[in-house]
Amino acid sequence: MKYEREDLVEKLFNHGYIKTEKVKKAMLQVPREEFMPPETRPYAYFDRPLPIGKGQTISAPHMVAIIVEKLDLTQGMNILEIGTGFGYNAAVVAEIVGEEGHVYTVERIPSLAETARENLKNTGYFNQVTVIVGDGTLGYPDKAPYDRIYGTASAPKIPEPLKKQLKIGGWLIIPQGSRDYFQELVSVLRISHDDYKVQNLGGVAFVPMIGEHGWPED
Ligand code: SAM
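Residues numbered from 1 in each chain as written. Predicted model: local features only at pLDDT ≥ 70, side-chain atom pairs only at ≥ 80, totals over all residues. Heavy atoms only, no water.

S.K.: Any chance you could explain the site of the ligand here in plain terms?
M.R.: Around the ligand, a shell composed of 26 residues is seen, among which Gly-83, Asn-89, Glu-107, Gly-136 and Ile-210 lie nearest. Between the ligand and Asn-89, the relevant distance is 2.8 Å, taken from an oxygen atom to a main-chain nitrogen or oxygen of the residue. With respect to the ligand, the backbone of Ile-210 contributes an N or O atom lying 2.6 Å from a nitrogen atom. Protein coverage of the free-state accessible area of the ligand, which is 600 Å², stands at 99%. Going through the elements one at a time, strand E2 (56-58), strand E3 (78-82), helix H4 (88-97) and strand E4 (102-107) are the ones with two or more residues in the shell around the ligand. Among the elements that make up the shell around the ligand, the one with the highest residue count is E2 (three residues). (Near = heavy atom within 4 Å. Polar contact = N/O pair within 3.5 Å; in protein donor to acceptor, adjacent residues only side chain to side chain. Areas by Shrake-Rupley, 256 points an atom, 1.4 Å probe, with all protein chains shown as cover. Helix = DSSP H or I, 4+ residues; strand = E, 2+ residues; numbered from the N terminus.)

S.K.: Looking at this structure, how should I read the side chain of Asn-89?
M.R.: Mapped onto the fold, Asn-89 is located in helix H4. In this structure Asn-89 touches Val-64, Val-68, Glu-81, Tyr-150 and Thr-152, once residues within four positions along its chain are discounted. (Contact = heavy atoms within 4.5 Å.)

S.K.: How should I be thinking about unusual backbone geometry in this particular structure?
M.R.: It is generally the case that most residues other than glycine have a negative phi and that most peptide bonds are trans. Ala-144 connects to Pro-145 through a cis peptide bond whose omega is 5 degrees. One can find Pro-145 in the loop between strand E5 (129-133) and strand E6 (146-151). Even without being glycine, Lys-54 reaches a positive phi, approximately 55 degrees. Along the polypeptide, Lys-54 turns up in the loop between strand E1 (50-53) and E2. Although it is not a glycine, Asp-72 adopts a positive phi angle of roughly 45 degrees.

S.K.: Looking at this structure, I do not really get the side chain of Glu-81. What am I missing?
M.R.: Mapped onto the elements of the fold, Glu-81 is located in strand E3. The side chain of Glu-81 is buried and forms no salt bridge, while Arg-117, the nearest opposite charge, is found at 12 Å. Once you skip the residues sitting within four places of it in the chain, Glu-81 turns out to touch Asn-89, Ala-90, Tyr-104, Thr-105, Val-106, Tyr-150 and Thr-152. (Buried < 20%, exposed > 50% of the residue type's maximum accessible area, 1.4 Å probe, protein only. Lys, Arg positive; Asp, Glu negative; His and termini not counted. Salt bridge = Lys/Arg side-chain N within 4 Å of Asp/Glu carboxyl O.)

S.K.: How do you make sense of the sheet that holds strand E9 (residues 196-204) when you look at a structure like this?
M.R.: Within a sheet, adjacent strands bond to each other through the backbone by hydrogen bonds, running parallel or antiparallel. Strand order in the open sheet formed by seven strands is E5-E4-E3-E6-E7-E8-E9, and the pairing between neighbours is mixed. For this open sheet the edge positions go to E5 and E9, each flanked by a neighbour on one side alone. Averaged over all pairs of adjacent strands, the angle between their axes in this sheet comes to 15 degrees, without regard to strand direction. Sheet analysis places E3 next to E4, joined by five bridges and oriented parallel. Looking across to E4, one finds that Ile-82 is bridged to Val-106. Strands in contact with H4 are E3, E4, E5 and E6; relative to E4, the strand with the most contacts, it is inclined by about 165 degrees. Relative to E5, helix H5 (residues 110-122) is tilted by about 165 degrees, and along the sheet it contacts E4 and E5. (Pairing = 2+ DSSP bridges. Axes fitted to C-alpha atoms, helices over the stretch in contact; angles between N-to-C directions.)

Function cannot be inferred from these measures alone, as they are strictly geometric.
Set out below in structure tokens:
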């Protein structure tokens, strides 16, 4: 599926979702089809979210590109992701932060986390990505502070624990707003111990982030 991948990455570049060489290289490198259930693999290079089971999705490639570009990653960074799914976005981030960096990713549904671990093992990212089962709205204090934190599910408001786990000068990116698909992507820069700068990055549609600082379970 290498040619389909090249084609999609070219389109994402031409439409302005991919802006930098590092993101282009990472998305060319990571095989999205390996992070999907077998029945949806033929659609791996359609630019759309697809079901991964348990009512969850693998994010659309253009959304992965938008988030990863906004993170402005460099080698060696310490990263926290909330919402592992099947592990695709974490692998793209791992490609950029490299072997000196690390991605910690929290998933609340144990079976998805287990499949993500297998996918990351099969594609060679297992040493760079640690999958944790738990409520990501609490962050992952064990490995804080983080250079960057990002959420791939939407919270009613920015979870306070995530802000506190940022390095000074680091930022987080998270969808925030209504539970059902009308949200804004926001970035929160930690300026000093107690000061943050919040910026709206535009409209998005994500599944809900469920947890203590997120939405209640149905
Ligand atoms: N990062 C994924 C990818 O690469 O395609 C996208 C995953 S999907 C859009 C969002 C994920 O967030 C789901 O797997 C869902 O179970 C998870 N999630 C929702 N609330 C969560 C929480 N509080 N902590 C951790 N994961 C959560």
